[in-house]
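# A look at the structure
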Amino acid sequence: MMNQYPTIKFIIEHGDPLAVVIAVLPLCGAVALVALFALHWLVLVAGVACSLVLFLLMKSYVELVRVIADMLLPK
């Protein structure tokens, strides 16, 4: 039955690494900004903070999708 919902299936199977990859993006952007444009080092601090918040949000989203799929989708 999960074949009808490929995105949900993908999130259920690969949610944890996906959350890490998405959460690292603000940090990568901050590093690129500091390296390319010589911005203030506080941009790196903001990138780390954004990455931590985004990681928490992504992990909670993955868990919610797993709970909803477990409860509502037929097996």
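For the structure, see preceding data.
In short, a report on the structure. (Residues numbered from 1 in each chain as written. Predicted model: local features only at pLDDT ≥ 70, side-chain atom pairs only at ≥ 80, totals over all residues. Heavy atoms only, no water.)

## Some thoughts on the packing of helix α1 (residues 6-37) against helix α2 (residues 42-72)
Rules: Each axis is a line fitted through C-alpha atoms, taken for helices only over the stretch in contact, and angles between the N-to-C directions span 0 to 180 degrees. By the criteria applied, helices consist of DSSP H or I runs no shorter than four residues and strands consist of E runs no shorter than two, each listed in order from the N terminus. Just so you know how the angles are binned, under 35 degrees is roughly parallel, over 145 roughly antiparallel, 65 to 115 roughly perpendicular, and the rest oblique. Under this grouping Gly is polar, as are all residues other than the nonpolar Ala, Val, Leu, Ile, Met, Phe, Trp, Tyr, Cys and Pro and the charged Asp, Glu, Lys and Arg.
Close contact between α1 and α2 brings their axes to 8 Å; oriented N to C, the two are set at 170°. Between α1 and α2, the angle falls in the class roughly antiparallel. Split into classes, the residues belonging to the contact of α1 with α2 amount to 25 nonpolar, three polar and three charged.

## Considering unusual backbone geometry
Convention followed: Here the term buried applies to any residue with accessible area under 20% of the maximum for its type, exposed to any over 50%, and partly exposed to those in between, with areas from a 1.4 Å probe on protein chains only.
For Ala 38, which is not a glycine, the phi torsion comes out positive at approximately 50°. Within the fold, Ala 38 resides in the loop between α1 and α2. Given the relative accessible area of 66%, Ala 38 is considered exposed.

## Considerations on the state of the cysteines
The bond known as a disulfide is covalent and runs between the sulfur atoms of two cysteines. How we decide: In what follows, a disulfide is any cysteine sulfur pair within 2.5 Å.
Inspection of the entire model under this criterion finds zero disulfides. Here Cys 28 is not cross-linked by a disulfide; its sulfur's nearest cysteine counterpart is in Cys 50, at 13 Å.

## Describing the side chain of Ser 51
What counts here: Polar contacts here mean pairs of N or O atoms no more than 3.5 Å apart (in protein, one a potential hydrogen donor and the other a potential acceptor; neighbouring residues in sequence count only if both atoms are side-chain atoms). Contacts were defined at the residue level, with two residues in contact if any of their heavy atoms lie within 4.5 Å.
By the secondary structure assignment, Ser 51 is in helix α2. A distance of 2.8 Å separates the side chain of Ser 51 from the backbone oxygen of Ala 23, its partner in a polar contact. Apart from residues lying up to four places away in sequence, Ser 51 is in contact with Ala 23, Val 24, Pro 26 and Leu 27.

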